[in-house]
Amino acid sequence: MRQVRWRVEVGEMTDLLRERDAWSMANCSVARTLEVAGNRTAMLIMREAFFGTRRFDDFARRVGIGEPAASARLKELTAAGLLERVPYQEPGQRTRYAYRLTEKGRDFLPVLTALRQWGDTWATDEQGPPVVVRHRDCGAAVHAVLRCDDGHDVQLGESLVDAGPGLIRVAPPAPAPAPATAPDPDAAPDGD
């Protein structure tokens, strides 16, 4: 399969959704994000990290998973750069490691906020959401919002998909030859 990187001129506004069969998904940002933190355990560990959990045993207990699963997810999130290991030592104990959010990990907060917000609306029982996150300064509930760089809130249907610098288009396949048709047995032969 031949891949072509297309140069996008500044200001080119094309609705690429009509051409999405020509996109290569080899470098899809959504797929790459899911590779980093796309399973339930990884998301719950990130939730706990944002709630202030730092120690291995606390992650395993609060997420409700065994030590092997906690170890595997923490290693993956550390290797991906969302968490970092920081040594600590209790008096008279050996050195152990706590986990702390990195800048990359802190940038994951809107993802978890959007998941929590959707869950609060569509996946809670009749009692409602288990926690409400509020702005420390004013007390208002915190929400994820789609907003353009000029500060406008953007609703569904109010955006265009434009080519980014990493879009890879795949050359369209050659059209298939028309299928041969069998002659109609009831048709008169040619020339008669």
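Everything below is about the structure shown above.
Undergrad: Quick one: what's the story with the overall build of the protein chain, residue by residue and with numbers?
TA: A tally of regular secondary structure across the protein chain gives 6 helices and 4 strands. Counting helices and strands in the order they occur from the N terminus, the protein chain gives β-α-α-α-α-β-β-α-α-β. Each of the 192 residues in the protein chain was classed as buried or not, and the buried ones make up 21%. Counting only contacts in the protein chain whose residues sit at least 6 apart along the sequence, the fraction spanning at least 24 positions is 54%. Of the roughly 14700 Å² of accessible surface on the protein chain, a fraction of 54% belongs to carbon and sulfur atoms.

Undergrad: Please give an account of helix α6 (residues 109-122) that cites residues and values.
TA: An ideal rise of 1.5 Å per residue puts 20 Å on 14 residues; α6 measures up with 20 Å between its terminal C-alpha atoms. Taken together, the buried positions of α6 are L112, T113, R116 and G119. Within α6, the buried residues cover an arc of 130 degrees as seen down the axis, which keeps them to one side. Facing away from the buried side of α6 by over 90 degrees, the exposed positions are W118, T121 and W122. As for α6, its buried residues are in contact with α2 (40-50).

Undergrad: I'd love a proper account of the packing of aromatic side chains, names of residues and values included.
TA: Under the definition given, this model contains 1 aromatic pair. Aromatic pair F59 and Y99: ring centres 6.1 Å apart, planes at 80 degrees, arrangement edge-to-face. Remark: Y99 occurs in strand β3 (residues 95-101) and F59 occurs in helix α3 (residues 56-63); sequence separation between them is 40 residues. Both residues of the pair, F59 and Y99, belong to the buried class. The cationic tip of R85 hangs over the ring face of Y97; the distance from NZ or CZ to the ring centre is 3.8 Å.

Undergrad: Please give an account of the packing of α2 against α3 that cites residues and values.
TA: Relative to each other, α2 and α3 sit at 120 degrees, their axes nearing to 10 Å. By the angle class used here, α2 and α3 are oblique. Read as a crossing pair, α2 and α3 show a hand that is right-handed. Contacts from T41, L44, I45, R47, E48 and A49 in α2 reach F59, R62 and V63 in α3.

Undergrad: Hey, could you go over the packing of α2 against helix α4 (residues 67-79) for me, with residue numbers and the actual values?
TA: In the contact formed by α2 and α4, the axes pass within 10 Å of each other and the chain directions differ by 75 degrees. Comparing the axis directions of α2 and α4 gives the class roughly perpendicular. Counted together, T41, A42, I45 and M46 of α2 and A70, R73, L74 and L77 of α4 form the full contact between these two elements. Grouping the amino acids of the contact of α2 with α4 by side-chain chemistry returns 6 nonpolar, 1 polar and 1 charged.

The rules we used
- Residues numbered from 1 in each chain as written.
- Predicted model: local features only at pLDDT ≥ 70, side-chain atom pairs only at ≥ 80, totals over all residues.
- Heavy atoms only, no water.
- Helix = DSSP H or I, 4+ residues; strand = E, 2+ residues; numbered from the N terminus.
- Buried < 20%, exposed > 50% of the residue type's maximum accessible area, 1.4 Å probe, protein only.
- Contact = heavy atoms within 4.5 Å.
- Areas by Shrake-Rupley, 256 points an atom, 1.4 Å probe, with all protein chains shown as cover.
- Expected span 1.5 Å × (residues − 1).
- Arc of directions from axis to C-beta.
- Phe/Tyr/Trp six-rings, centres within 6.5 Å; stacked < 30°, edge-to-face > 60°.
- Lys NZ or Arg CZ within 6 Å of the ring centre and 35° of its normal.
- Axes fitted to C-alpha atoms, helices over the stretch in contact; angles between N-to-C directions.
- Parallel < 35°, antiparallel > 145°, perpendicular 65-115°, else oblique.
- Left-handed = near helix turned anticlockwise from the far one by under 90°.
- Nonpolar A, V, L, I, M, F, W, Y, C, P; charged D, E, K, R; others polar.

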